[in-house]
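What the coordinates show
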Amino acid sequence: MSIWWSLHLRREAASVPLARRLLLGTMQTAGVDPDICFDLSVALSEACANAVEHGGDTGQGDSRGAYRVTAYLDGEKCRIEVADSGPGFPASPVTPVAPEAPRRPVPVAAVPYDAESGRGLSLIEELADHVTIGNKPGRGGAVVSFDKILKWQKDAPLMAV
């Protein structure tokens, strides 16, 4: 069984719990293990909060902007992508030399454990199995995508077979 949804949200703080509740409701209804639900919902909240805080001011007169959240529950994996229309991440200091070389993800800087901000991307990396952080090619904006192997509750109604 596959489930996917996509939201186009305004860059407002109220959009973060909306996206989180939709993800939690989807996973709980499908029968995903509560610990996995929690991990992914926290990671999604961090990615959305980053899009709300940093994903605007593209120089096109749109300071509010919008961002997109897409979630896929497919078989044994959940993949989530949060994309904004802001300036994106700074260029990585390591650039591929050949056009066929793989795009390198933006490195996540180490942040002190007691910092009041700046820990979101590190937290996402801790909670997910695989994380890709980069910029949208050609259009501007950042993309944070992450996935996690799902565990299912016993007798889950939508469990992959």
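Heads up: the structure comes first, above all this text.
Everything in this summary refers to the structure shown in the same document. (Residues numbered from 1 in each chain as written. Predicted model: local features only at pLDDT ≥ 70, side-chain atom pairs only at ≥ 80, totals over all residues. Heavy atoms only, no water.)

Concerning the overall build of the protein
A count of helices and strands for the protein gives three helices and five strands. Going residue by residue from the N terminus, the α and β elements of the protein occur as β-α-α-β-β-α-β-β. Within the protein, buried positions represent 42% of all 161 residues. If you take every contact in the protein between residues at least 6 apart in sequence, the share linking residues at least 24 apart comes to 65%. Counting every atom, the protein has about 9500 Å² of accessible surface; 55% of that belongs to carbon and sulfur. (Helix = DSSP H or I, 4+ residues; strand = E, 2+ residues; numbered from the N terminus. Buried < 20%, exposed > 50% of the residue type's maximum accessible area, 1.4 Å probe, protein only. Contact = heavy atoms within 4.5 Å. Areas by Shrake-Rupley, 256 points an atom, 1.4 Å probe, with all protein chains shown as cover.)

Describing helix α1 (residues 15-30)
With 16 residues, α1 should cover 22 Å at 1.5 Å per step; its first-to-last C-alpha distance of 23 Å lies within 8% of that length. Of all the positions in α1, only S15, V16, A19, L23, T26, M27 and A30 are classed as buried. For α1, the buried positions fall inside an angular range of 115° around the axis, keeping them on one side. Exposed residues lying more than 90 degrees from the buried face of α1 are R21, Q28 and T29. Tucked inside the fold, the buried residues of α1 contact β1 (2-10), α2 (34-54), β2 (66-74) and β3 (77-84). (Expected span 1.5 Å × (residues − 1). Arc of directions from axis to C-beta.)

A closer look at the side chain of K136
Relative to the helices and strands, K136 resides in the loop between β4 (130-135) and β5 (142-149). Buried charge without a salt bridge: K136, with D84 as the nearest opposite-charge side chain at an N-O distance of 6.0 Å. Separated by 2.9 Å, the side chain of K136 and the backbone oxygen of D84 make a polar contact. Not counting chain neighbours up to four residues away, the residues in contact with K136 comprise A83, D84, S85, G141 and V143. (Lys, Arg positive; Asp, Glu negative; His and termini not counted. Salt bridge = Lys/Arg side-chain N within 4 Å of Asp/Glu carboxyl O. Polar contact = N/O pair within 3.5 Å; in protein donor to acceptor, adjacent residues only side chain to side chain.)

Things to note about α2
With 21 residues, α2 ought to run about 30 Å at 1.5 Å a step, and its terminal C-alpha atoms sit 30 Å apart, in line with that. One side-chain oxygen of the residue at the start of α2 lies 3.0 Å from the amide nitrogen of D35, identifying that residue as D33.

Some points on the pairing of β4
The pairing of β4 with β5 spans six bridges and is classified as antiparallel. Bridged to I133 within β5 is V144. Between β4 and the antiparallel strand that follows it, β5, lie six residues; G138 among them carries a positive phi value of about 75°. (Pairing = 2+ DSSP bridges.)

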